[in-house]
Amino acid sequence: MTDTLKLPELVCPAGSLPALKAAIDHGADTVYLGLRNDTNARNFAGLNFDDKTAREGIRYARSRGRKILLAINTFAQGASTGRWRSALDQAADLGVDAVIVADLGLMEYAARHHPELRLHMSVQGSATNHHAINLARDLFGIRRAVLPRVLTLDQVRAVMDKTDIEIEVFGFGSLCVMVEGRCLLSSYATGESPNTHGACSPARFVRWEQGAGELKARLNGILIDQFVKDEAAGYPTLCKGRFQVGGETYYALEEPTSLNVMSMLPELIDIGVSAIKVEGRQRSPAYVAQVTRALREALDTAGRERHRFSVRPAWQQALNNVSEGRQETLGAYHRPWK
Amino acid sequence: MRIPDFTLPSPVASLVGTLPATPPAWLLVQSLNHLLKKGILPADTGLLDGRCFMVAVKDAGLNLCFCCSNEAFRLAPAGAVPDLTLSANFADFLRMMLREEDPDTLFFNRKLSIEGDTELGLIVKNLLDSVDWSETPLARFMAV
């Protein structure tokens, strides 16, 4: 049987030039990055690309037939939309293959000033149905939408049936409460959140305190979790903190966990998603290499074996090892009770 | 090359603990300054200026203390309180430096601890991640 189905693009993260090269060298079709400011949702000290490293990264990808996307996925703040518009101008000047945008005003700016620049709607744009996606297509000419991680596989399929826009879904990475593009939890404790400042639980508000027995995580002074010796830890975000509710202390919102869709790859290929995305621009080149290699092999194998496909222990182990909270889930894709 | 799982035997720590920590710290400081001067370490020293660091190699019983001032690394003056302390066993520091393991992974698994100024920790981590070793003789030792 000849395989006529096109495999989804494997879209991998990079917070630095070595991470970008690691992604390409280990089989990413596409790498996404951000600039060194609050125009992207991983605005961490010392992370991301300046003009020089972005150009070098684009050169590296192009010469190997791969693509580069630039995430400009925070929301432009009232008084200073200039920085976001400049980021779009810079993207056009760099010649990236597409920009990933959440803010409708910026989509309009891009469509008007850089009509040749391909637009992807960010997961932060929070479009969970075909009406929203088709509206953004009609108004701004978006070519792809990244779906929030709240839809079941059937719901993803239902969206895809009613739009001709490419659909990208998340395949692996840390999970949060996934109120994508609308979450302000971090602001309650710090005054800053991913949508406004490009970082959830900004590091300058975080303190890790090693006590005699346990490791305490404090966010702006507020105790949000503590871990006993050797207990797996996670990122210090409010949604993954343990809280006292009704006299009990537990993960009241979300446990530290990672999404892993490996076992579902044949179905994702079948329904025709255009791209599968890996979370983690904040992670190091080692993570990017390990995750990209495992998913590249899994995706190619799933494309060949289709419904005879089974997840190989080595891939599973590679992903388990780097997972936040050291546990994994199919997330919303699998909701048997739906 | 994969770093095998090992912990230095405890006599190493008790022996090293009795020796002055200055020679290894001096070596580390010299190496950092060399990388800085060669432009391999793309450090914005402005972000590190006036800050002190402690690298605690737990199974070796070794605490390496150094500071950054006037665009260079120096041994920490006696009694300096570190702004950032990174602690791990020798094998895990090696894995991190050779890009065999991601620091966040080691942190989730409780093999790396970060105390003090978390943002400074992030700056250091991202600085090390952004070093392009491919043009240096160390490239052949790097996993990625």
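Residues numbered from 1 in each chain as written. Chains lettered and ligands numbered in written order. Predicted model: local features only at pLDDT ≥ 70, side-chain atom pairs only at ≥ 80, totals over all residues. Heavy atoms only, no water.

## A short note on the overall build of chain B
In plain terms, the rule: Comment: elements are numbered from the N terminus, with helices defined as DSSP H or I runs of at least four residues and strands as E runs of at least two. The atom set for the radius of gyration is the C-alpha atoms, and the globule formula is 2.2 Å times the number of residues raised to the power 0.38.
In terms of helices and strands, chain B carries six helices and five strands. Traced from its N-terminal end to its C-terminal end, chain B shows the element sequence α-α-α-β-β-β-β-α-α-β-α. The C-alpha atoms of chain B give 15 Å as radius of gyration, which agrees with the globular expectation for 144 residues (15 Å, within 12%). Expressed as lengths along the three principal axes of its C-alpha atoms, the size of chain B is roughly 40 × 40 × 30 Å.

## So, the state of the cysteines
Residue and element names in this part refer to chain B. The cut-off we apply is this: We call a pair of cysteine sulfur atoms a disulfide when they lie within 2.5 Å. For every residue, the accessible area (1.4 Å probe, protein chains only) is compared with the maximum for its type, and the residue is labelled buried under 20%, exposed over 50%, or partly exposed between those bounds.
Across all of its chains, the model carries one disulfide over all chains by this definition. For C52, the disulfide goes to C67, at an S-S distance of 2.1 Å. In this structure the cystine formed by C52 and C67 twists about its S-S bond by roughly 95°; its chirality is therefore right-handed. Of this pair, C52 sits in strand β1 (residues 51-57) while C67 sits in strand β2 (residues 62-69), and the two are 15 residues apart along the sequence. Each of the two residues, C52 as well as C67, counts as buried.

## What to know about the interface of chain B and chain A
Note the cut-off: Residue contacts are counted whenever heavy atoms from the two residues lie within 4.5 Å of one another. Put simply, buried area is how much 1.4 Å-probe accessible surface two parts lose in total, over both of them, once they are put together. In the sections that follow, a salt bridge refers to a side-chain nitrogen of Lys or Arg positioned within 4 Å of a carboxyl oxygen of Asp or Glu. Polar contacts, as counted here, are pairs of nitrogen or oxygen atoms within 3.5 Å of one another; within protein the pair requires one atom able to donate a hydrogen and one able to accept it, and residues that are adjacent in sequence qualify only if both atoms are side-chain atoms. When residues are sorted by character, Ala, Val, Leu, Ile, Met, Phe, Trp, Tyr, Cys and Pro go into the nonpolar class, Asp, Glu, Lys and Arg into the charged class, and all the rest, Gly among them, into the polar class.
Every contact between the two is made by 27 residues of chain B and, on the other side, 38 residues of chain A. Summed over both partners, the interface of chain B with chain A comes to about 2700 Å²; 53% of that surface belongs to carbon and sulfur atoms. The salt bridge involving D102 of chain B is made with R283 of chain A; its shortest N-O contact spans 3.2 Å. Counting every contact that joins chain B to chain A gives 18 residue pairs in polar contact (both at pLDDT 80 or more). Within the residue set of the side of chain B that touches chain A, elements represented by two or more residues are α5 (103-108), β5 (113-116) and α6 (118-129) of chain B. In terms of residues, the side of chain B that touches chain A owes the most to one element, α6 of chain B, which gives seven residues. When grouped by side-chain class, the residues that make up the side of chain B that touches chain A number eight nonpolar, seven polar and 12 charged.

## Some points on the environment of Q226 of chain A
Residue and element names in this part refer to chain A. Tracing the backbone shows Q226 in strand β10 (residues 222-227). Distance from Q226 to E214, taken between C-alpha atoms, is 6.2 Å for residues 12 residues apart in sequence. Apart from residues lying up to four places away in sequence, Q226 is in contact with E214, L215, K216, E231 and R242.

## Some thoughts on the packing of aromatic side chains
Here is the rule: Here is the rule: rings of Phe, Tyr and Trp (six-membered ring for Trp) pair when centre to centre is within 6.5 Å. Planes less than 30 degrees apart are stacked, more than 60 are edge-to-face, and the remainder are tilted. By definition here, charges over rings are those cases where NZ of Lys or CZ of Arg is within 6 Å of the ring centre and within 35 degrees of the ring normal.
This model, assessed by the stated rule, comprises eight aromatic pairs over all chains. Ring geometry for F309 of chain A against W315 of chain A: centres 6.0 Å apart, planes inclined by 15°, an arrangement best described as stacked. The exposure class of F309 of chain A is buried, given its relative accessible area of 11%. Look at F53 of chain B and F66 of chain B: their rings are 5.4 Å apart centre to centre, the planes differ by 25°, and that puts the pair in the stacked class. Linking F53 of chain B in strand β1 with F66 of chain B in strand β2, this pair joins segments that are 13 residues apart in sequence. Note on accessibility: F53 of chain B and F66 of chain B belong to one class, buried. Among the aromatic residues, those joined into a ring-pair cluster are W208 and F227 of chain A together with F107 of chain B. Here R149 of chain A stacks its cationic end above the ring of F170 of chain A, 4.5 Å away from the centre of that ring. One cation-aromatic arrangement involves K277 of chain A over Y32 of chain A; the distance from NZ or CZ to the ring centre is 4.4 Å.

## Looking at the packing of helix α2 (residues 51-62) of chain A against helix α3 (residues 81-94) of chain A
Between two packed helices, what matters for the description is the angle formed by their axes and the separation of those axes. All names here are of chain A. Short version of the rule: Here an angle of 0 to 180 degrees is reported between the N-to-C directions of two axes, which are lines fitted to C-alpha atoms, with helices fitted over the stretch in contact. For classification, angles of less than 35 degrees are called roughly parallel, those exceeding 145 degrees roughly antiparallel, those between 65 and 115 degrees roughly perpendicular, and all remaining angles oblique. Throughout, a crossing is termed right-handed when the near helix is turned clockwise from the far one, and left-handed when it is turned anticlockwise from it by less than a right angle.
Close contact between α2 and α3 brings their axes to 11 Å; oriented N to C, the two are set at 40°. The angle between α2 and α3 places the two elements in the oblique class. When the axes of α2 and α3 are compared, the crossing they make is right-handed. Contacts from D51, A54, R55 and I58 in α2 reach Q90, D93 and L94 in α3. Of the residues contributing to the contact of α2 with α3, the split by class is three nonpolar, one polar and three charged.

## Quick word on the pairing of strand β8 (residues 206-210) of chain A
Residues and elements named next belong to chain A. This is how it is decided: Pairing between two strands is assigned when DSSP locates at least 2 bridges connecting them.
When β8 meets strand β9 (residues 215-219), the two strands line up antiparallel, connected through five bridges. Across the sheet, residue E209 finds its bridge partner in β9, namely K216. In sequence, β8 turns back onto β9 through a hairpin of four residues.

## Observations regarding the sheet that holds β9 of chain A
Residue and element names in this part refer to chain A. An order of β8-β9-β10 is seen for the three strands of this open sheet, with the pairing classed as antiparallel. The outermost strands of the open sheet, each flanked by one partner alone, are β8 and β10. Pairwise comparison of adjacent strand axes, ignoring direction, gives a mean angle of 20° for this sheet.

## Re the confidence of the model for chain B
Note the cut-off: The quantity called pLDDT is the predictor's confidence in a given residue, expressed from 0 to 100.
Chain-level statistics for chain B give a pLDDT mean of 92 and a share of 99% at 70 or above. With pTM at 0.94, the complex prediction returns an ipTM value of 0.92.

## A short note on a nonpolar patch on the surface
Put simply, the test is: Only residues whose relative accessible area exceeds 30% and that form no salt bridge enter a patch; like-charged residues are grouped when within 9 Å of one another, and nonpolar side chains (Val, Leu, Ile, Met, Phe, Trp, Tyr) when within 5 Å. Surface accessibility in these figures is a Shrake-Rupley result with a 1.4 Å probe; residues are shielded only by whichever protein chains are displayed.
A cluster of nonpolar side chains, contributed by W26, L27 and L75 of chain B, occupies part of the molecular surface with about 300 Å² of accessible area. Along the chain, L27 of chain B falls in helix α2 (residues 22-37).

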